Amino acid sequence: MPRSVNSVAKRARRKKVLKQAKGYFGRRKNVWTVAKNAVDKAMQYSYRDRRAKKRTFRALWITRINAGARQHGMSYSQFMGKLKANDIELNRKVLADLAMNHPEAFEAIVKKVK
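Since the model is a prediction, treat every value here as computed from it, not as a measurement.

Undergrad: Explain the packing of helix α1 (residues 7-20) against helix α2 (residues 32-70) to me, please; I cannot follow it from the model alone.
TA: Helix-helix packing is described using two parameters, namely the angle between the two axes and the distance between the axes. Their axes nearest at 9 Å, the elements α1 and α2 cross at an angle of 60°. Here α1 and α2 pass one another in a crossing that is left-handed. On the side of α1, the interface is formed by Arg13, Arg14, Val17, Leu18 and Gln20, while α2 contributes Trp32, Ala35, Lys36, Val39 and Met43.

Structure follows, in structure tokens:
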């Protein structure tokens with residue numbers, strides 16, 4: 001009995017990977033072995049960076065809140081501690097947006113917690 005190979009599935013699998021590699025430079029976009037490695041690496045980066053993005057945004061928000069708080073004579077840690085003590089439940093994303101785009105609203109919050 002001859003060996004059975006599923007060429008339809010094989011071709012579909014390769015087409016899927018080559019489609020994912022569309023837009024890559026040089027052989028990475030059209031040579032199967034190179035494209036497969038490039039796509040695998042890209043998937044690893046995207047998985048890792050979906051998690052890293054959350055960390056980098058939190059760091060950005062903290063930096064913005066710190067800058068806004070220091071304009072009113074308070075450090076970030078003092079400001080956040082007083083927010084918790086006064087039961088003001090605004091998250092860092094909202095506080096950073098207020099510090100950046102609505103300084104008068106952020107100043108009102110700082111005055112409330114002082």
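Undergrad: Which parts of the structure should I look at to understand the nonpolar core?
TA: In summary, soluble globular proteins display a tendency toward joint burial of nonpolar side chains. Ile65, Phe79, Leu83, Leu95 and Phe106 are the most contacted members of the largest nonpolar core, which has 16 residues in total. When near neighbours in sequence (up to four residues on either side) are disregarded, Leu95 contacts Ile65, Phe79, Met80, Leu83, Leu90, Phe106 and Ile109.

Undergrad: I keep staring at the pattern of salt bridges and nothing clicks. Help me out?
TA: Side-chain pairs of opposite charge can arise where the charged atoms are in close proximity. Applying the stated rule across the entire model yields three salt bridges. Where Lys36 meets Asp40, a salt bridge forms, and the shortest distance between an N and an O atom there is 3.5 Å. Of this pair, Lys36 and Asp40 are both found in helix α2, four residues apart, which corresponds to roughly one turn of the helix. Owing to a relative accessible area of 40%, Asp40 belongs among the partly exposed residues under this scheme. Of the charged contacts in the structure, one is a salt bridge between Glu107 and Lys111, with a shortest N-O distance of 3.4 Å.

Undergrad: I would appreciate a short explanation of the packing of aromatic side chains in the present structure.
TA: To describe a pair of aromatic rings, one takes the distance between the centres and the angle between the planes. As enumerated under the stated definition, the model contains two aromatic pairs in all. Here the aromatic rings of Phe57 and Trp61 are separated by 6.0 Å at their centres, their planes lie at 45°, and the arrangement is tilted. Taken together, the residues span about one helical turn, with Phe57 and Trp61 both in helix α2 at a distance of four residues. Accessibility expressed as a relative area gives 22% for Trp61, which makes it partly exposed. Of note, Arg51 hangs over the ring of Tyr47, and the distance from its end group to the ring centre comes to 4.0 Å.

Criteria and cut-off values
- For every chain, the first residue of the written sequence is number 1, and numbering continues from 1 along that sequence.
- The predicted nature of this model means local features are confined to residues of pLDDT at least 70 and side-chain atom pairs, given and counted, to a pLDDT of 80 or more, with totals for whole chains, interfaces and linings taken over all residues.
- With hydrogens and water excluded, all non-hydrogen atoms of the structure serve as input to the side-chain values.
- Fitting a line to C-alpha atoms yields each axis, with helices limited to the stretch in contact; the angle taken between N-to-C directions then spans 0 to 180 degrees.
- Elements are defined by DSSP. Helices are runs of H or I of four residues or more, strands are runs of E of two residues or more, and each kind is numbered from the N terminus.
- Handedness of a crossing follows from how the near helix is turned relative to the far one, being left-handed for an anticlockwise turn of less than a right angle and right-handed for a clockwise one.
- By definition, residues are in contact when any of their heavy atoms lie within 4.5 Å.
- Put simply, buried Ala, Val, Leu, Ile, Met, Phe, Trp, Tyr and Cys residues joined by side-chain atoms within 4.5 Å make one nonpolar core.
- Only protein chains enter the calculation, and the probe is 1.4 Å; a residue is then buried if its accessible area is under 20% of its type maximum, exposed if over 50%, and partly exposed in between.
- In what follows, salt bridge is the name for a side-chain nitrogen of Lys or Arg lying within 4 Å of a carboxyl oxygen of Asp or Glu.
- Note on aromatic pairs: the rings of Phe, Tyr and Trp (six-membered ring only in Trp) are paired at centre separations within 6.5 Å, and the planes decide the class, stacked below 30 degrees, edge-to-face beyond 60, tilted for the rest.
- Distance and angle both matter: a charge sits over a ring if NZ of Lys or CZ of Arg is within 6 Å of the ring centre and within 35 degrees of the ring normal.

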